Amino acid sequence: MLAFTLRRAIQAIGVMIAVGVIAFSMFRFAGDPVNQIVSLDTPAAEREAVRKSLGLDDPVPVQFARYFGNAAQFKFGVSYQFRQPVSNLLMERMPATLELAACATVFAMVFGILMGVYSALRRDTILTKFFQAVSLIGISLPTFLIGILLIYLFSVTLGWLPSFGRGDVVRIGWWTTGLLTLSGLKALIMPSITLGLFQMTLIMRLVRAEMLEVLRTDYIRFARARGLTTRAIHFGHALKNTLVPVITVAGLQFGSVIAFAIITETVFQWPGMGLLFVQAVQNVDIPIMAAYLLMVSLIFVTINLVVDILYTIVDPRLRSTIRRPA
Amino acid sequence: MSDAVVPHRVEPNAPAARSGTGWLKRALDSDIFYSFRRSRMTMVAAAVTILFFLLAIFASQLAVQNPFDPAQLQLMNSRISPLWTAEGQSPFLLGTDEQGRDVFSAILYGLRISLVVGVLGVIFAGTLGITLGLIAGYVGGAIDGLIMRIADVQLTFPAILIALLVNGVAKSVFGNRLDAMSTLAVLVVAIGLSFWVQYARTVRGSVMVEKNKDYVAAAQLIGLPAPKIMLRHVLPNTMGPILVIATINLALAIITEATLSFLGAGMPDTMPSLGTLIRIGNNYLFAGEWWIVAFPGIALAGLILSINLLGDWLRDALNPKLR
């Protein structure tokens, strides 16, 4: 168990170093940082001085070590567009993205599980067919089209929900939240649905498949023979056993939800990290791009690590059989 | 795998054995075509996909104007609603946008760009993935370990993030003002680099099974060089799953291109793909000019849905376990 955890932790650190090399190469080699700071008519001598002051004439390994050391302290340099430290910009925007991702995940889990259980128990009803059609749409339609469709329906035509922004937010320390005001909650609805729809279809399909499998097992048959109520069998015994893989998938997907928030945030002009990243790509703001890559990688790697370790705790059968993947 | 299929193929009444004429007849009698004919949904999906490809190929003949040529656009004709509405005007079937561009013509040309980027992206990803997968599976050892470790790491990141990063870096290296054709090339590379992993993993798996078979040993025995064995003998036996991945990947590549263009990191306004058209049209949604965004959106959704349905069918049809 300890050996497994250690091995996974070392792997995770390896991945982070690899991503760090990529982020550093982007920062250092894709576009000269000096050119972004000085103006066009700066004489060469002054450019050299700037270069020296930034430490860009040191050997590359030294520069890499310095970049990595700074990144570990959340210092990612200064944004070319905003002339502000990248870490401030990211911290300012992070609550918006995390709140959106969390709401989307909750939406996906609640509706995904409900729809999955229903379509496994009532296999040939019209509602099940409807759910399956929804899941086909959720997989086939690009995220931004779903967002535009929702905006057209609920903002342009019906005028019920705001089409952009977070509404009024409440500041708690450095964190800002839209969960405490009515306009903030209203602003969350459509982006959460847009972002969560794909995960919802994924969870629905998974729950359905797992439920169908579990309902065929002997212990369910035995529970029926004991005369338990259908409700107790379905929800007390069957559903409980389908939840382990569902929670794993939802956990692993949280990273992609944050990454896919890039699209949702652009559609709804949601002031999060994703929108910042898209603007950085459009304006070739390399420090922000590199920092975003590092942040998202860190979230991904941490989630993967935690899920892997939790899995072995939750499911003891895995402990003895875990070996290094071939 | 082939053992399960053989008895099926040599049934005494199988027409291929009886007549023995040409590949067309054999194709029409094959299991795959049989399962194709049985599924109405697949036939519709195939028809729609072919229709989209034809529309893209004959775009310049079917369009009423060239939407990329500013000389053919007239501001007089801007913001006309579709033909069947009260304000509709005659050559503009689906209305016009704010520059007087015919929406139908723009969709035809945009479809062409979307399909070109999608197909080239799939070819690039496939070539890269198949090559690396063949090498990893056939050579094995440290090279295999290195390639597959890179694949593992990349698979944890969503393709759209990688495509955006490649795009941003390319812009930074080549300068922000790329012309439209170079942007297209950058998109193809970005999509290719985001989707190669699946090919590499599949090919590697098949190669590791195939390379222990007698025919590979025989080829090695007569002294064929390794690249020739890989390309001429092992690769053809791994093509089934690759075809399925390529089909589903085409839909993903088109979605990725559309998303990048929608985010403003893809095709420019002067040479719009479907995604660019949707981004432009999105700005006019609040003014009530829904047709500028709706029709490119419907075209994109229809295209992706039909390619996905084809891919699902192909996966089931080529899987001998499901027969």
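Cut-offs used in this document
Residues numbered from 1 in each chain as written. Chains lettered and ligands numbered in written order. Predicted model: local features only at pLDDT ≥ 70, side-chain atom pairs only at ≥ 80, totals over all residues. Helix = DSSP H or I, 4+ residues; strand = E, 2+ residues; numbered from the N terminus. Buried ≥ 20, exposed ≤ 12 C-beta atoms within 10 Å, placed from the backbone. Contact = placed C-beta atoms within 7 Å. Nonpolar A, V, L, I, M, F, W, Y, C, P; charged D, E, K, R; others polar. UniProt positions renumbered as here; feature names shortened; annotations may be inferred. pLDDT = per-residue confidence, 0-100.

A. Fine view of the overall build of chain A. When you go through chain A residue by residue, the secondary structure sums to 13 helices and 2 strands. With the principal axes as the frame, chain A shows a C-alpha extent of 90 × 60 × 35 Å. Out of the 326 residues in chain A, the part that is buried amounts to 36%. Counted over contacts in chain A with a minimum sequence separation of 6, partners at least 24 positions apart contribute 70%.

B. Geometry of the interface of chain B and chain A. Tallying the contact residues gives 33 residues for chain B and 30 residues for chain A. Secondary-structure elements contributing two or more residues to the side of chain B that touches chain A are α9 (159-174), α13 (239-262) and α15 (291-318) of chain B. At 10 residues, the largest contribution of residues to the side of chain B that touches chain A is made by α9 of chain B. Here the side of chain B that touches chain A is built from residues that sort into 22 nonpolar, 10 polar and 1 charged.

C. Local environment of the UniProt feature "transmembrane region" (unreviewed entry) in chain A. Annotation from UniProt places "transmembrane region" (unreviewed entry) at residues 12-30, 98-121, 133-154, 174-198, 243-268 and 288-314 of chain A. Helix makes up 91% of residues 133-154 of chain A and strand 0%, with an end-to-end C-alpha separation of 21 Å.

D. Quick peek at the environment of I107 of chain B. All names here are of chain B. Within the secondary structure layout, I107 lies in helix α7 (residues 103-139). Taking C-alpha positions, I107 is 40 Å from G22, a pair spaced 85 residues apart along the chain. Excluding anything up to four places from it in sequence, I107 contacts L277, F295, P296 and A299.

E. Seen up close, the UniProt feature "domain: ABC transmembrane type-1" (unreviewed entry) in chain A. Annotation from UniProt places "domain: ABC transmembrane type-1" (unreviewed entry) at residues 94-311 of chain A. Along residues 94-311 of chain A the backbone is 80% helical and 3% strand, and the end-to-end C-alpha distance reaches 28 Å.

F. Seen up close, the confidence of the model for chain B. Residue and element names in this part refer to chain B. Averaged over every residue, the pLDDT of chain B is 80; the share at 70 or more is 85%. Element-level mean pLDDT values for chain B span from 43 in helix α1 (residues 2-9) up to 90 in α7. A low-confidence stretch, residues 1-19 stays under pLDDT 50, and its non-local contacts, those more than four residues away or across chains, total 13 contacts. This complex was scored by the predictor with a pTM of 0.82 and an ipTM of 0.79.

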